[in-house]
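Listed here are the chains, written in short residue letters.
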Amino acid sequence: MTTSLQNTPFVLTDEMKEEFDAVMLSTKTGKPLDPEQCLRIRERSDRLAAENARIHGVQDIAVELIRSVRDEERDTSLTRVSR
């Protein structure tokens with residue numbers, strides 16, 4: 001059975017809160033995460049990313065923004081050179 005996250009409110013479970021705290025502590029202290037905890041976080045992240053892509057499609061907004069800014073910078077520099 002496939003479950004969908006669409007129209008489902010997000011619930012932060014106790015396990016997710018503990019994992020978040022562990023990640024924040026690891027970031028602060030530099031101490032590595034427990035490998036099992038790291039695997040659970042990665043698996044959940046992969047599931048959520050796949051579900052998001054299924055619902056909303058691939059999001060390439062950043063690519064479009066980068067190209068737009070790059071093109072504007074190129075056009076601006078060409079204008080300066082031609083003056």
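To be clear, the structure that these remarks concern was listed above.
Residues numbered from 1 in each chain as written. Predicted model: local features only at pLDDT ≥ 70, side-chain atom pairs only at ≥ 80, totals over all residues. Heavy atoms only, no water.

A. Representation of helix α1 (residues 14-29) within the structure. Here α1 contains 16 residues, and its C-alpha end-to-end distance of 22 Å stays within 8% of the 22 Å for a straight helix at 1.5 Å per residue. Tucked into the core, α1 has its buried residues touching α2 (35-56). Just past α1, the residue glycine 30 takes up positive phi, approximately 85°. (Helix = DSSP H or I, 4+ residues; strand = E, 2+ residues; numbered from the N terminus. Expected span 1.5 Å × (residues − 1). Contact = heavy atoms within 4.5 Å.)

B. Expanded view of the pattern of salt bridges. Throughout the structure, instances matching the rule amount to 6 salt bridges. One salt bridge connects arginine 40 with glutamate 15, and the closest N-O pair in it is separated by 3.2 Å. In this pair, arginine 40 sits in helix α2 while glutamate 15 sits in helix α1, placing the two residues 25 residues apart along the sequence. The exposure class assigned to arginine 40 is partly exposed, which follows from its relative accessible area of 32%. A residue is classified by how much of its surface remains accessible, and glutamate 15, at 38% relative accessible area, is partly exposed. Arginine 70 is paired through a salt bridge with aspartate 71; the nearest N and O atoms lie 3.7 Å apart. When salt bridges with common partners are traced through the structure, they connect Glu15, Glu19, Arg40 and Arg44 into a single cluster. (Salt bridge = Lys/Arg side-chain N within 4 Å of Asp/Glu carboxyl O. Buried < 20%, exposed > 50% of the residue type's maximum accessible area, 1.4 Å probe, protein only.)

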